[in-house]
Every structure is written in structure tokens, then in C-alpha cells.
There are 2 protein chains.
Amino acid sequence: MMKYYEVYGKLTKSKGHEQFEWSHSYSKVFKPTTPYNASGMFMYFSNYNVEVRDRVKCISATEGVPVSTQWEASGYYYPVQVAQYGLSHYSKNLSEPPPKRKVLEDGNTFTAKWQVPKGAYIRRNYDSAKLTHVLEFNSRDSAGISLRLKQGTDLVLSFDLRFLSMNGSLTLFLEDRDRSQTFPVSFTCSSVLVEAHNASGSYSTIYGMGNCQSWNRLTRDLHIDLVKGHVLSGRGKKLSRTKLRVHHLLLKGNGQLDNLTLASSNHMDMFYSSADWLVVHQDSSGGWPIGVKRKIASGRADLDPGWYSAMGQGQAMSLLMRAFYRSGKPHYLEAALKGMQPFSKSSTEGGVRAYFMNQYPWYEEYPTVPPSFVLNGFIYSLIGLYDVVSLAPPNQVGDAQLLFDQGMHSLKKLLPLFDTGSGTVYDLRHFTLGLAPNIARWDYHSTHINQLLLLSTIDSDPILTNVAERWISYMSGKRAAHN
Amino acid sequence: MMKYYEVYGKLTKSKGHEQFEWSHSYSKVFKPTTPYNASGMFMYFSNYNVEVRDRVKCISATEGVPVSTQWEASGYYYPVQVAQYGLSHYSKNLSEPPPKRKVLEDGNTFTAKWQVPKGAYIRRNYDSAKLTHVLEFNSRDSAGISLRLKQGTDLVLSFDLRFLSMNGSLTLFLEDRDRSQTFPVSFTCSSVLVEAHNASGSYSTIYGMGNCQSWNRLTRDLHIDLVKGHVLSGRGKKLSRTKLRVHHLLLKGNGQLDNLTLASSNHMDMFYSSADWLVVHQDSSGGWPIGVKRKIASGRADLDPGWYSAMGQGQAMSLLMRAFYRSGKPHYLEAALKGMQPFSKSSTEGGVRAYFMNQYPWYEEYPTVPPSFVLNGFIYSLIGLYDVVSLAPPNQVGDAQLLFDQGMHSLKKLLPLFDTGSGTVYDLRHFTLGLAPNIARWDYHSTHINQLLLLSTIDSDPILTNVAERWISYMSGKRAAHN
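Residues numbered from 1 in each chain as written. Chains lettered and ligands numbered in written order. Predicted model: local features only at pLDDT ≥ 70, side-chain atom pairs only at ≥ 80, totals over all residues. Heavy atoms only, no water.

(A) A look at the packing of aromatic side chains. Residue and element names in this part refer to chain B. Per the counting criterion, the structure on display carries 61 aromatic pairs over all chains. Aromatic side chains Phe187 and Tyr207 sit 5.7 Å apart centroid to centroid with 20° between the ring planes, which places their arrangement in the stacked category. On the criterion of sequence distance, the pair formed by Phe187 in strand S9 (residues 182–188) and Tyr207 in strand S11 (residues 202–208) is long-range, its members being 20 residues apart. For Tyr207, a relative accessible area of 0% translates into the label buried. (Phe/Tyr/Trp six-rings, centres within 6.5 Å; stacked < 30°, edge-to-face > 60°. Helix = DSSP H or I, 4+ residues; strand = E, 2+ residues; numbered from the N terminus. Buried < 20%, exposed > 50% of the residue type's maximum accessible area, 1.4 Å probe, protein only.)

(B) Here's a closer look at the interface of chain B and chain A. If you look at the interface, chain B gives 35 residues, while chain A gives 34 residues. Sorting the residues of chain B by area buried against chain A places B:Phe431, B:His482 and B:Asn483 first, and these three jointly supply 24% of that buried surface. Across the chain B-chain A interface, the total number found is zero salt bridges. Inspection of the chain B/chain A interface yields twelve residue pairs in polar contact (both at pLDDT 80 or more). (Contact = heavy atoms within 4.5 Å. Buried area = accessible area lost by both parts, 1.4 Å probe. Salt bridge = Lys/Arg side-chain N within 4 Å of Asp/Glu carboxyl O. Polar contact = N/O pair within 3.5 Å; in protein donor to acceptor, adjacent residues only side chain to side chain.)

(C) Fine view of the relation of the copies chain B and chain A. With an axial shift of 0.0 Å and an RMSD of 0.0 Å, the rotation relating chain B to chain A amounts to 180°. The two molecules are tied by a two-fold rotation axis, judged by turn and shift. Considering only C-alpha atoms, the part of chain B nearest the rotation axis is B:Thr420, at 2.3 Å. Most of the interface of chain B is mirrored in chain A, where 97% of its interface residues again form contacts. (Least-squares fit on C-alpha atoms with pLDDT ≥ 70 in both.)

(D) Expanded view of helix H7 (residues 375–391) of chain B. With 17 residues, H7(B) ought to run about 24 Å at 1.5 Å a step, and its terminal C-alpha atoms sit 25 Å apart, in line with that. Counting buried positions over the 17 residues of H7(B) gives 15, a clear majority of the element. (Expected span 1.5 Å × (residues − 1).)

(E) Layout of the packing of helix H10 (residues 442–456) of chain B against helix H11 (residues 462–475) of chain B. All names here are of chain B. It is at 9 Å that the axes of H10 and H11 come closest, and there the two elements cross at 155°. In terms of their interaxial angle, H10 and H11 are classed as roughly antiparallel. The two elements H10 and H11 meet at a crossing, and its hand is left-handed. Here Trp442, His445, Ser446, His448, Ile449, Leu452, Leu453, Leu455 and Ser456 of H10 come into contact with H11, specifically with Leu464, Thr465, Val467, Ala468, Trp471, Ile472, Tyr474 and Met475. Its residues assigned to classes, the contact of H10 with H11 comprises twelve nonpolar, five polar and no charged. (Axes fitted to C-alpha atoms, helices over the stretch in contact; angles between N-to-C directions. Parallel < 35°, antiparallel > 145°, perpendicular 65-115°, else oblique. Left-handed = near helix turned anticlockwise from the far one by under 90°. Nonpolar A, V, L, I, M, F, W, Y, C, P; charged D, E, K, R; others polar.)

(F) Seen up close, unusual backbone geometry. The linkage connecting A:Val369 with the following residue, A:Pro370, adopts the cis geometry, with an omega of 0°. By the element assignment, A:Pro370 lies in the loop between strand S14 (360–363) and helix H7 (375–391). Within the chain, A:Met357 stands out as a residue other than glycine whose phi angle is a positive 55°. One non-glycine residue with positive phi stands out, namely B:Leu131, at about 60°. Looking at the secondary structure, you find B:Leu131 in the loop between strand S5 (121–127) and strand S6 (132–138).

(G) Here's a closer look at the environment of A:Lys228. All names here are of chain A. Position of Lys228 among the secondary structure elements: in helix H3 (residues 222–232). Spatially, the C-alpha atoms of Lys228 and Glu51 are 9.2 Å apart, while their sequence positions differ by 177 residues. Every residue in contact with Lys228, bar those within four places of it in the chain, is listed here: Glu51, Val52, Arg53, Val56, Lys57, Cys58 and Tyr207.

(H) Focus on the pairing of strand S7 (residues 156–176) of chain A. Residues and elements named next belong to chain A. Most of S7 is tucked away: 17 of the 21 residues are buried. When S7 meets strand S8 (residues 182–188), the two strands line up antiparallel, connected through seven bridges. In the sheet register, Leu170 faces S8, and the bridge partner there is Phe187. With antiparallel pairing between neighbouring strands as the criterion, S7 and S8 make up a hairpin whose turn holds five residues, including Arg179 at a positive phi of roughly 55°. (Pairing = 2+ DSSP bridges.)

(I) Representation of the state of the cysteines. Counted under the stated rule, the structure contains two disulfides over all chains. Between B:Cys189 and B:Cys212 runs a disulfide, and the two sulfur atoms are separated by 2.2 Å. The S-S bond linking B:Cys189 to B:Cys212 shows a torsion near -115°; that makes this disulfide left-handed. With B:Cys189 in the loop between S9 and strand S10 (194–199) and B:Cys212 in the loop between S11 and strand S12 (216–221), this pair connects stretches of sequence that are 23 residues apart. You can call B:Cys189 buried: its relative accessible area is 16%. Of the cysteine sulfurs around A:Cys58, a residue in no disulfide, the closest is that of A:Cys212, at 16 Å. (Disulfide = S-S within 2.5 Å.)

Here it is, written out as C-alpha cells:
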């Protein structure tokens with residue numbers, strides 16, 4: 001469980017640096033053994049479990065992507081997080097063995113043994129719109145049509161669903177190993193994001209699917225769905241994945257169901273959910289606007305809702321180019337290429353481009369005025385550009401090569417300014433705002449190192465490895481020489 | 001003795017930071033209680049004993065200023081060191097009680113009991129060139145004319161001397177307290193800087209006065225003169241000042257002597273020796289050229305002999321303005337004003353002016369190409385400019401105010417780049433040369449703090465005190481926050 005749960009960002013308050021350094025798996029340096037490959041795993045993101053993070057409220061049942069509460073408790077879609085969610089699942093798909101997968105019901109080849117109460121019915125028929133057989137169900141006034149499930153610990157459920165009635169629901173009943181408790185997780189026709197109910201000691205979690213009358217395809221990690229409900233109801237997230245199993249499924253209302261599947265994982269579905277979200281939510285400037293205010297330094301250099309992040313753009317590009325590579329669908333490429341537009345527009349004009357001392361361009365994770373020059377976000381944006389250069393058809397690369405080359409030039413020049421002689425600074429706000437240096441905690445420090453090591457596999461300039469090696473040495477207590 | 005001897009720069013190799021921080025008096029922060037005064041003490045330089053430093057070979061008997069061996073073992077005059085020598089004595093003159101002082105012989109009012117051997121003679125007569133009475137002496141073939149001295153531990157000797165013969169010498173015989181040994185220190189007509197002789201266990205130290213036929217005024221700290229001879233002969237410098245006394249003085253040759261004086265100190269003579277050296281050795285560009293090669297970073301950014309130092313210029317200006325203030329002599333003012341000329345000339349053209357990213361002017365302690373941006377040297381240069389602004393007649397200030405204001409503007413902007421979050425960097429060579437940061441050892445760190453505290457008394461911008469307070473906190477182990 002320790003390995004599964006990402007404790008990233010939680011230990012900093014209670015533990016000192018040294019302990020943090022050695023105890024926290026996210027402070028690890030991953031020395032690349034092969035050159036970075038734009039269609040391969042994204043860094044060490046196969047170790048990420050974005051959805052487990054405390055600051056992820058839940059995976060939206062309408063969008064299939066995480067909802068963040070980091071800067072606004074009510075929740076919002078954070079493009080960086082959406083992209084990281086997709087990239088982590090893309091990487092897991094490459095790093096993990098193929099999933100176990102069982103189709104339970106597709107209205108045709110696979111049929112399940114539904115328990116249909118009196119007055120209710122199920123039918124399997126050809127749907128002329130979907131061009132495939134589907135299961136039609138109608139629970140009428142009964143308690144619902146149920147299906148007993150014995151899939152062990154395979155907890156990733158996927159299905160296509162639409163309702164013909166105004167209301168309806170699909171509910172999973174999860175059971176802990178000793179069968180002492182059952183936890184229902186429902187997907188309903190509602191616009192609510194997620195709700196947790198507690199009726200006389202019986203807890204239930206509800207996700208809204210939004211408009212139910214058209215086909216929705218959902219892929220759900222039921223463990224995550226349950227844990228997020230438990231966190232919401234104040235019961236904490238201590239629900240071990242390995243101790244859960246699906247007991248049964250219950251359909252209510254009148255609707256159609258297809259491709260009901262339980263699997264040990266379904267990373268590519270989750271990956272494409274992110275890619276599709278990015279395609280749909282890109283605006284006319286090519287950006288993925290972030291709808292929350294971002295406070296940087298106590299009232300100075302704040303960002304008003306609607307800002308873009310070069311990191312968000314870059315991570316989205318990394319994800320979209322992989323989606324294009326895997327699917328061949330041109331709209332992913334188009335979105336990635338459009339995502340470069342804010343790189344050529346100044347932060348002061350709604351873009352993400354800043355200049356260090358009017359000379360070195362920098363792509364800003366937080367396009368503050370004055371600039372903040374966050375290092376890790378900048379490098380993620382460079383990797384995004386590199387992925388475009390690598391995977392776009394040569395005649396469609398656009399500005400990607402130029403933007404990447406200019407960025408690398410800036411990076412190599414400004415890298416020493418992030419070196420404290422015993423660690424790194426997270427950004428250069430001390431310079432632009434005249435503040436104390438914003439020291440990078442060890443997990444960001446190791447991120448800096450991992451990013452440089454990645455770049456060193458695609459750019460042979462010795463400054464990248466030299467700096468990375470020095471920064472690695474800081475992690476074991478070494479210091480730059482004093483005079 | 002610990003307090004007297006400046007161990008500055010010697011403990012760094014053998015001791016770690018923490019120990020160094022607490023054990024080394026030069027890592028102290030001196031919080032100013034009054035605004036900085038351009039005619040007052042220079043920082044905490046009253047604590048300096050420049051001449052004791054290992055890298056000072058000796059005090060030249062021709063120039064009355066220290067000879068450095070820091071970057072060239074054969075010795076050279078280093079304007080920074082000359083100015084610091086003068087500024088420390090100026091400051092000591094203000095901080096110490098008035099010296100004990102006894103005139104032994106002036107050929108008129110004060111006459112000493114000379115022991116004149118057969119054939120030798122002394123006469124006291126009016127010198128029409130010097131416009132005062134002097135003692136004429138001629139030892140002829142004798143062992144010399146001697147004077148028994150019982151001045152205890154007053155070891156600062158001064159005299160006016162010239163020889164009518166080609167050769168001649170004035171020798172002091174110093175004795176340790178238990179009278180077990182006698183150490184002669186001679187001043188001779190020779191061009192040698194300093195020599196140590198060992199004739200069958202009898203050690204002697206010889207300083208050359210250069211041309212003896214015209215009047216020389218010498219002010220000598222005999223303890224220093226003896227210690228430097230002992231270091232030269234490999235006997236080490238463990239000769240306690242308090243255990244030494246002058247036993248007798250011996251004159252040889254035919255010459256004239258005046259104003260023979262022993263005193264507990266003579267800081268103002270030493271101060272004016274520095275001021276006069278600076279006036280004489282300033283070149284037509286207003287600079288004090290440094291005649292040794294300076295290696296900065298293993299072959300990159302080296303300085304060839306003849307370079308100027310903004311720190312040297314600034315410290316010289318601080319000293320010369322005090323000499324002008326105290327003496328009223330305009331040639332000191334003129335030299336100080338001329339000393340500003342290299343501040344307006346680029347390092348690439350033989351000046352000391354660099355720009356950070358073509359925008360912020362910086363006065364370079366080491367005018368390397370690319371620039372090195374040494375912090376402490378820059379601030380010393382600003383203090384020099386401030387001293388000119390403060391003490392020059394308003395209509396003669398020239399560029400001093402503009403240079404000072406521009407420099408302060410750069411300082412405030414670039415100060416955060418020297419902050420590592422746990423200490424300071426000495427310079428910005430990591431940025432300009434792409435190297436590891438050059439961490440300032442604790443004594444330089446405290447110099448940075450002391451300089452900022454000084455500036456904070458003449459400029460109320462809160463960044464100066466804020467940064468100084470943060471840097472002070474680093475000395476007791478505090479760190480800037482991490483994210």
C-alpha cells in the first residue's frame with residue numbers, strides 16, 4: 001500500500017529534510033538507461049497514482065478525468081493534473097503486464113445471468129444507432145435488476161450506458177473481504193459530481209453521469225470511486241484495494257447497457273479520457289484555461305482565473321502526441337499543435353512566454369508578472385515541445401523545433417541560478433520579487449534531476465549531466481565548495 | 001594574542017563550517033549603532049591587522065606599505081591591501097587611546113645619550129635644507145654609534161634619516177623578556193626588500209631603504225619587522241609582542257638623523273604612508289594597476305598583469321578621502337576623484353565596469369570577461385563612491401553620485417541572486433561560467449552582512465535590512481523555507 005499510495009507532498013510538514021530524503025519514494029532519482037522516446041513511457045510517471053492524491057476530489061463520471069481541490073475546495077479541472085493522469089496511465093499500460101479482463105455482457109457474444117424481478121424485464125436487441133447488440137433493461141417498480149459478480153479483486157469496471165427513462169442508476173455493491181460491510185457506489189442521471197450519503201450507518205457514494213439520454217462510456221476504478229466517497233463522508237481513505245471485491249451490480253430505470261466489463265486495469269481507456277477532455281476543452285487561443293485564482297506571493301504576482309500554464313500546455317502536448325501516435329487520429333495532433341500558441345505570446349498578453357532580463361525566453365508554469373521562472377514546469381513544457389517535434393509529421397511541426405531550441409538555450413544558461421550549492425530553488429521569485437529563495441523540497445529537487453537526466457539523453461551538452469550529477473550529490477549531503 | 005593575530009582565511013581547510021562560524025572572530029556581525037560616517041572608522045577595520053597576515057611578506061622600508069605574496073611569491077604591491085592597511089590604521093587611531101610617545105633625539109629639544117666610540121663623532125647642527133636641527137653622525141671605522149634604550153614594549157619607531165656616505169645602517173637590537181636572545185633588525189642603504197641572515201645561530205633581519213642620500217622618513221613596527229624576518233628565515237612567527245623590548249640602537253656610516261621617536265603606536269603615519277603610496281602609484285587612467293596575473297577559474301576568465309580592481313579603486317578612494325578630510329591637502333582629493341575613472345570604462349576595455357545581462361552596471365573586484373560579479377568587492381567600491389560623495393566639495397563630486405546610485409540600484413536588484421537559502425555565494429561565476437556555485441565561506445558571509453548593515457544606515461530601502469537579517473539568521477543554522 002505504501003508503494004501504491006502516493007504520499008507526495010504530505011510528509012513535508014511533519015518530517016525534516018534528511019528523513020524526507022530517504023523515506024520518500026518520490027525523492028528517487030531514476031537514471032535513464034535508454035534515450036527518451038516521445039512515444040514511450042513518460043519519465044517515471046508509471047509510478048504516479050494521480051487519482052489517489054488527496055487533492056484529487058474524485059474522477060468525474062461525466063469527464064472521466066480527475067477533479068482537483070488544490071486551490072479551490074469546490075473542485076475544478078486542472079489541465080496539468082488531467083494530463084498527468086493520462087500520462088501515468090499511458091506509462092502504466094507500457095510498464096505493467098496486460099490486464100486481466102472479462103466482458104460480462106455485450107448483448108450478444110457475452111451474456112450475464114441477470115436476476116430480473118417480477119414486472120421488470122431485460123432484452124437483447126440490435127441498436128441501429130450504435131450498430132451493435134445491446135442489453136435493454138427496465139426495472140419498472142421493482143428494487144432493480146441485479147447481477148451477482150465474483151471477480152475477486154479486479155475492480156476496474158467499464159460499460160456503455162444510456163437511459164430511455166428520465167431517471168435511472170447503475171450501482172455497484174462492494175464488499176470487504178470479511179463480508180462485514182457492503183458499500184454501494186452508484187452512477188446516476190444527475191449533474192452532481194460526487195456525493196456521499198450516510199443513512200443509519202449505511203454509507204453510499206453517488207456519481208452523476210450528467211445527461212443520461214445519450215450514450216455514455218464510463219471506465220471506473222471502483223476502489224478509487226469508493227475511497228473518494230469515504231474521504232468525502234469523513235471516513236478516511238483506509239480501504240485496502242486488495243481487501244475489496246465487487247459483490248453485485250444493480251440496474252434501475254429503463255435503459256440500454258453494452259460492453260459491461262471488469263478488468264484488473266484499463267489504462268488506455270483512462271488515457272484516452274484525458275486526451276478527449278483536452279481536445280474538447282481547448283479554447284480558441286490553443287490554451288487550456290485554468291479557472292481558479294492562483295496566489296503566488298501574498299498578493300503580488302497573482303494569476304486571475306483563465307490563465308494558461310506552459311506546464312499544462314506541455315504536458316497536454318506530451319499526452320496528445322502519444323494519443324495521436326497510438327490512435328492515428330489527426331484531431332489529437334491538431335490539438336497538440338494548437339497547444340503551442342501560448343508559447344509565442346507574452347505572459348502580459350495572456351500567453352506563457354516570459355524573458356529573463358529581456359533576453360532568455362522562458363515558458364512559465366505560472367505566467368506571473370513579474371515572471372516566476374519555475375524550473376520543473378519549464379522543463380515539462382520543453383518535453384512537450386520535444387514530443388511534438390518527434391511525433392508530428394515533419395511538415396507539420398510548426399514552431400515546435402524553434403521553441404524547443406530557444407528553451408534549451410535558456411535552460412542551459414539559467415540552470416546555475418537554480419543551484420544553491422546544497423540543493424535547488426524551485427523558481428526565481430527571489431530574484432523577480434526580491435524575496436527569500438524558494439527552496440525546492442527534495443521531491444522537486446529529484447524532479448529537477450530526473451528532468452535533466454531525461455534531457456541529457458536527447459542533448460549531449462555536458463552541462464546537463466554535470467549539473468544533474470552535482471544535484472544528485474547534494475541528495476547525499478554533499479555541498480558545493482566554499483572559497 | 002588570538003585577538004591580535006588575524007587568522008582570517010587560515011582555518012577554512014582544517015575546520016568545518018559550524019566550528020568556523022563560532023570560533024572565528026572575523027565571522028562576527030557588527031551591528032552598527034550609528035549611521036556610517038565617511039570620515040570615521042571604516043567598518044570594523046580597527047580590528048584588522050593587515051600587516052600580520054601571512055600573505056603580507058613585510059612592510060616595505062622604501063614605501064611604508066605592505067608587500068603581498070598572495071598571488072606571486074616574490075611579492076608585489078596590492079592596492080587593495082595597501083588601502084586596507086591604511087584604513088585599518090586610520091580606524092585604530094580613532095578607536096584606540098592616544099599612543100604613548102617619546103622623542104629620543106631631534107638634534108635640538110630632545111637629545112639622547114649616544115655612546116660614541118673613539119674616532120667616531122656626533123654633532124647637532126641646523127640643516128638649511130630641512131630647516132631644522134638634526135643629529136649628524138659618523139661612525140668612521142668603529143663598530144658604530146649606539147644608544148641604549150629602555151622603552152619597554154613601545155615598539156613603533158620613527159625617524160628621519162639620510163646618509164652622506166654611500167653605505168650606512170640603522171640597527172635595532174630587540175631582546176626577549178628573559179634576555180636569552182637578541183635579534184637585530186637593520187635598515188640599510190640597499191634596494192633589497194627584506195632579507196634574513198643566519199650567521200652561526202645569530203639571526204638578523206635587514207630592510208633596504210633604497211636611495212639613502214636623500215631624506216627618508218620611516219615609521220616601523222619593530223615587532224612586525226622582526227616577525228616577518230623570522231618567517232622568512234623559517235623560524236616561524238611565534239614571537240609575542242609583549243615579550244619583546246628594544247635593547248639598543250646602532251648607527252653606522254656617515255649620516256643625519258632627526259625625530260627619532262619610540263611610541264606605542266603611530267597609526268596616522270602608517271595611514272599617510274598608504275595615502276602617499278596611492279597618490280604616487282596612480283596611473284594616467286586613474287587606476288592602481290595590479291602587476292600580477294590573477295587566475296579565476298582554471299584558465300577561463302584570467303586577468304593579465306595591469307588590471308584594476310573596483311574594490312582597490314573604492315578602498316583607495318575611502319582612504320584618500322579620509323586623508324583629504326584630515327589633512328586638507330587637495331592632492332588626496334584629486335587622486336580620489338581620478339580613481340573613479342575606471343568605473344565608467346568596461347572591463348573589456350581595461351576598466352572595471354560590467355553589466356549583468358547588459359542591464360545592471362556592476363563594479364568588478366576582478367574585471368574578468370565574462371564578468372564574475374564578486375559581491376563584497378562591489379560593495380566596497382560603493383562605499384568608496386559614497387565617501388567621495390560625502391567628503392568632496394559639492395562642486396567637485398563629479399560622477400560619484402551617479403555611479404553610487406546606479407550601483408545601489410544594481411545591488412538591490414541582484415542581491416537575491418547571492419542568497420542560497422542557507423548562506424551566500426561569493427560571486428556569480430556559476431552563472432557567467434556555468435560552474436558550481438562558489439559558496440562564500442563564513443567570514444565572507446559575515447562581510448556581506450556587515451556591508452549591508454553599513455549601507456542600511458545610509459539608505460532606508462528595507463531590502464537591505466531584510467536581506468541582512470535573513471543572512472544573519474543563516475549563521476545560526478536557520479534556512480529559507482522550502483516549498
